[in-house]
Amino acid sequence: MEALIEITDLVKHFPGRSTLLGKTSPPVKAVDGLTFTVYKGETLGLVGESGSGKSTTGRLIIRLIEPTSGSCKYEGKELFGLSRAEMLPYRQKMQIVFQDPYGSLNPRMTVSNIIREGLEPRKLTEQEQETEITRLLEVVGLRTSHRNRYPHEFSGGQRQRIGIARALAVNPEFLIADEPVSALDVSIQAQVLNLLLELQQKLGLTILFIAHDLAVVRHMSDRIAVMYLGKIVELADSEAIYLDPLHPYTRTLLRAIPIPNPDIRPPDTSADPGAQSGRGEGCVFRNRCPHSTDKCSIEPPLLEVKPGHFSACHYAVELPDYHDERLTTG
C-alpha cells in the first residue's frame, strides 16, 4: 500500500498553568511521540477516551496548531516548517469535518456562501460555482432549495452535512473526521456515517476517523489506532482489534460497549483519563491496568506482536484470551 500521511515522533506539549501562589503546573503532554502511517484509500480509526489526544493529533496534521516536535509528511513532503504560502496547496488536499456542527458554521452566512468559500481556490466562474454548489448539496443529501437558508434553520444532522459539503468543495484527497457524529442524535448518526462511507467510495478519499466509540470506529475503519494519554498503545486491522485485542486498555474500551448480558461486569479500572501532566515514567496505563507489575515502570515500545498487529504492552503475548477473560469477569 502507498503511504499518504507519515507521522514520526509527533509531540505536542501545552505549557502548564500558573497558580495564584506563583507556581506553574507541569506541561500537558497532549501528544507524546506518535508514529503511524495513513495509506491511500483507507480509513484509519483513531480511538480513545476524552483527553487522550485524538483531536489534537488531527489538528496537528492539518496544522491548525503547531507541533512541539516531530514530522508529518504528505506523499513524502514534510509539512512542518512550511510557510503559509507553501502550505496552501496542501490545505486544498487536506480538509477537516469538525465535531460540533453548531459551532463550526458561520451563523451569518447562507449555505451557498459557506460552500462558496471553499470553491474560491479553484478559480471557477460564477456560473461554475453555482453548478458546483448544487452538485455538492446533492452529494451530501441536501436539496438545492436549502442553498439560501442559514445554519440555524437546519437540524444537527443537516448542519453536519453542510460541513461535509464545505470540506469537499476543494476536492480534497485526505479528510479528517473529528468525532463527526458525537454531537448528533443516535437516529441521525448512522445516516452521517453511511454518507462518509459512500463519499469515500465515490471520491476515493483517505480518511482519518477520530472517535471515542469503538463500535462506531469498527463500522468505519480498515485499521484502528488506540490512543491513551497521548500515545498509541495498539494498532491493527479493525477485526483484529475486536477479535484479539493485545493491550489491556483496548480491552477496557471493548468492555465498555454495551452487550445484552447483565451477568458480565467489567473490572474496575477507573482513574483520571485526562492526567497527561505529571504522570511519571513507565507505561501510561499502568495505574489502571489489572495486569500491572513492577516491569511496567519501564515504558514499553509499540512493537509488532503479530503480523500487522502492534501493541505497547510488556505482556501482550502473555495476556489471557480476551473472550475467555470477558466471560469469566464478574
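The coordinates are above.
Residues numbered from 1 in each chain as written. Predicted model: local features only at pLDDT ≥ 70, side-chain atom pairs only at ≥ 80, totals over all residues. Heavy atoms only, no water.

1. What to know about the overall build of the protein chain
Here is step 1: Regarding its fold elements, the protein chain presents 10 helices and 12 strands.
Here is step 2: For 330 residues, the compact-globule formula gives about 20 Å, and the C-alpha radius of gyration of the protein chain, at 21 Å, lands near that figure.
Here is step 3: In terms of overall dimensions, the protein chain has a C-alpha envelope of 70 × 50 × 50 Å along the principal axes.
Here is step 4: Across the 330 residues that make up the protein chain, the buried fraction comes to 48%.
Here is step 5: Contacts in the protein chain between residues far apart in sequence, at least 24 positions, make up 67% of those at least 6 positions apart.
Here is step 6: When the accessible surface of the protein chain is summed, it comes to about 15900 Å², and 51% of that surface belongs to carbon and sulfur atoms.
Here is step 7: Charge-centre separation for the protein chain: the mean point of 37 positive side chains lies 5 Å from the mean point of 41 negative side chains. (Helix = DSSP H or I, 4+ residues; strand = E, 2+ residues; numbered from the N terminus. Rg over C-alpha atoms; globule rule 2.2 N^0.38 Å. Buried < 20%, exposed > 50% of the residue type's maximum accessible area, 1.4 Å probe, protein only. Contact = heavy atoms within 4.5 Å. Areas by Shrake-Rupley, 256 points an atom, 1.4 Å probe, with all protein chains shown as cover. Lys, Arg positive; Asp, Glu negative; His and termini not counted. Charge placed at Lys NZ, Arg CZ, Asp CG, Glu CD.)

2. Quick word on the pairing of strand β7 (residues 174-178)
Here is step 1: Burial within β7 is extensive, with five of its five residues counted as buried.
Here is step 2: Burial of the side chains of β7 extends over both faces: Phe 174, Ile 176 and Asp 178 are buried on one face and Leu 175 and Ala 177 on the other.
Here is step 3: Across four bridges, the pairing between strand β6 (residues 94-97) and β7 is parallel. If you follow Met 94 over to β7, its bridge partner there is Phe 174.
Here is step 4: Sheet analysis places β7 next to strand β8 (residues 206-211), joined by five bridges and oriented parallel. For Ile 176, the partnering residue across the bridge sits in β8 and is Leu 208.
Here is step 5: A crossover links β7 with its parallel partner β8, the connecting element being helix α6 (residues 186-203), and its sense is right-handed. (Pairing = 2+ DSSP bridges. Right-handed = clockwise from strand over helix to strand, strands pointing away.)

3. With respect to the packing of aromatic side chains
Here is step 1: Under the definition given, this model contains four aromatic pairs.
Here is step 2: Ring centres of Tyr 74 and Tyr 90 lie 5.8 Å apart, and the angle between their planes is 70 degrees; this geometry places the pair in the edge-to-face category. Placement of the pair is Tyr 74 in strand β4 (residues 69-74) and Tyr 90 in helix α2 (residues 84-93), with a sequence separation of 16 residues. Tyr 90 carries the same exposure label as Tyr 74, and that label is buried.
Here is step 3: The interplanar angle of 90 degrees and the centroid separation of 5.3 Å between the aromatic rings of Tyr 228 and Phe 285 together place this pair among those described as edge-to-face. Taken together, the positions of Tyr 228 in strand β9 (residues 223-228) and Phe 285 in the loop between α9 (248-255) and β11 (303-306) put the pair 57 residues apart, joining distant regions of the chain.
Here is step 4: Ring-pair connections join several aromatic residues into one group, and the members of that group are Tyr 228, Tyr 249 and Phe 285.
Here is step 5: Residue placement shows Arg 218 over the ring face of Tyr 242; its charged tip is 4.4 Å from the ring centre.
Here is step 6: Against the face of Tyr 315 rests Lys 295, its NZ or CZ located 5.6 Å from the ring centre. (Phe/Tyr/Trp six-rings, centres within 6.5 Å; stacked < 30°, edge-to-face > 60°. Lys NZ or Arg CZ within 6 Å of the ring centre and 35° of its normal.)

4. Some remarks on the side chain of Gln 189
Here is step 1: Looking at the secondary structure, you find Gln 189 in helix α6.
Here is step 2: Of the polar contacts made by the side chain of Gln 189, one reaches the backbone oxygen of Val 181; its length is 3.2 Å.
Here is step 3: Residues within four places of Gln 189 in sequence aside, it is in contact with Val 181 and Leu 184. (Polar contact = N/O pair within 3.5 Å; in protein donor to acceptor, adjacent residues only side chain to side chain.)

5. Considering the sheet that holds β7
Here is step 1: Taken together, the eight strands give an open sheet; going across it, the order is β6-β7-β8-β3-β9-β10-β12-β11, and neighbouring strands pair in mixed fashion. Sheet topology places β6 and β11 at the edges, where each strand pairs with a single neighbour. Across the sheet, the mean angle from the axis of one strand to that of its neighbour is 25 degrees, orientation sign disregarded. (Axes fitted to C-alpha atoms, helices over the stretch in contact; angles between N-to-C directions.)

6. Things to note about the sheet that holds strand β5 (residues 77-78)
Here is step 1: Pairing in this open sheet of four strands is antiparallel, and the strands run β2-β1-β4-β5 from one edge to the other. In this open sheet, the two edge strands, each paired with only one partner strand, are β2 (28-39) and β5.
Here is step 2: Alignment of strand β1 (residues 3-14) against β2, held across nine bridges, turns out to be antiparallel. Pairing of Ile 5 across the sheet is with Val 38, part of β2.

7. Points about helix α4 (residues 126-139)
Here is step 1: Here α4 contains 14 residues, and its C-alpha end-to-end distance of 20 Å stays within 8% of the 20 Å for a straight helix at 1.5 Å per residue.
Here is step 2: Within the sequence span of α4, burial applies to Gln 129, Glu 132, Ile 133, Leu 136 and Leu 137. With its buried residues spanning 135 degrees around the axis, α4 presents them on a single face. Turned more than 90 degrees away from the buried face of α4, the exposed residues are Gln 127 and Glu 138.
Here is step 3: Residues of α4 that are buried make contact with α3 (111-119) and α5 (156-168). (Expected span 1.5 Å × (residues − 1). Arc of directions from axis to C-beta.)

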